[in-house]
Amino acid sequence: MILKPNYIEELLELKPFSVNQAHKYKTIKSKAYQSFEVKFLSMTRKEKAPKGKLRVDFVFGVSNKLFDIDNAIKPTMDQLQRRKDFNDNQVYQLTASKT
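The paragraphs below set out a description of the structure included in this document. (Residues numbered from 1 in each chain as written. Predicted model: local features only at pLDDT ≥ 70, side-chain atom pairs only at ≥ 80, totals over all residues. Heavy atoms only, no water.)

**A look at unusual backbone geometry**
Part 1: In this structure, Asp-85 is a non-glycine residue whose phi angle is positive, near 55°.
Part 2: By the secondary structure assignment, Asp-85 is in the loop between α2 (69-84) and β5 (91-98). (Helix = DSSP H or I, 4+ residues; strand = E, 2+ residues; numbered from the N terminus.)

Structural data, given as structure tokens:
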């Protein structure tokens, strides 16, 4: 089945942030993650995501080919849903690639 959901597009020239560096002691946001949040929010348009099922495509530009792409998805998705005012349970299709 090919899903034809609503679509959000943002192009960010921002280094991907790894979930491994997001929290100290599991609950406190690290300074690096706080900095990522500020940069992300300043670089994206504030708008409401469409209602219903969503498709999200991430393309991460990385300088290290060993970078684990799955570590970048969680913090980026968290900030995207915060900025676009949606719940990630609306995401029915997700792709991620690195360049």
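**Digging into α2**
Part 1: When the terminal C-alpha atoms of α2 are compared, their 22 Å separation across 16 residues agrees well with the 22 Å that a helix rising 1.5 Å per residue should span.
Part 2: Of all the 16 residues making up α2, twelve are buried; the element is thus mostly covered by neighbouring parts of the structure.
Part 3: Every buried residue of α2 is listed here: Asn-71, Ala-72, Ile-73, Pro-75, Thr-76, Met-77, Asp-78, Gln-79, Leu-80, Gln-81, Arg-83 and Lys-84.
Part 4: Two residues or fewer after α2 comes Asp-85, characterised by a positive phi angle close to 55°. (Expected span 1.5 Å × (residues − 1). Buried < 20%, exposed > 50% of the residue type's maximum accessible area, 1.4 Å probe, protein only.)

**A look at helix α1 (residues 31-43)**
Part 1: Taking 1.5 Å per residue as the helical rise, α1 with its 13 residues ought to reach 18 Å, and the 18 Å between its terminal C-alpha atoms agrees with that figure.
Part 2: Those residues of α1 that fall on the buried side of the exposure criterion are Tyr-33, Phe-36, Glu-37, Phe-40 and Leu-41. Burial along α1 is one-sided: seen end-on, the buried residues are contained in an arc of 125°. Those residues of α1 that are exposed and aimed more than 90 degrees away from the buried face are Lys-31, Val-38 and Ser-42.
Part 3: On its buried face, α1 sits against β3 (28-29) and α2. (Arc of directions from axis to C-beta. Contact = heavy atoms within 4.5 Å.)

On their own, these measurements won't tell you what the molecule is for.
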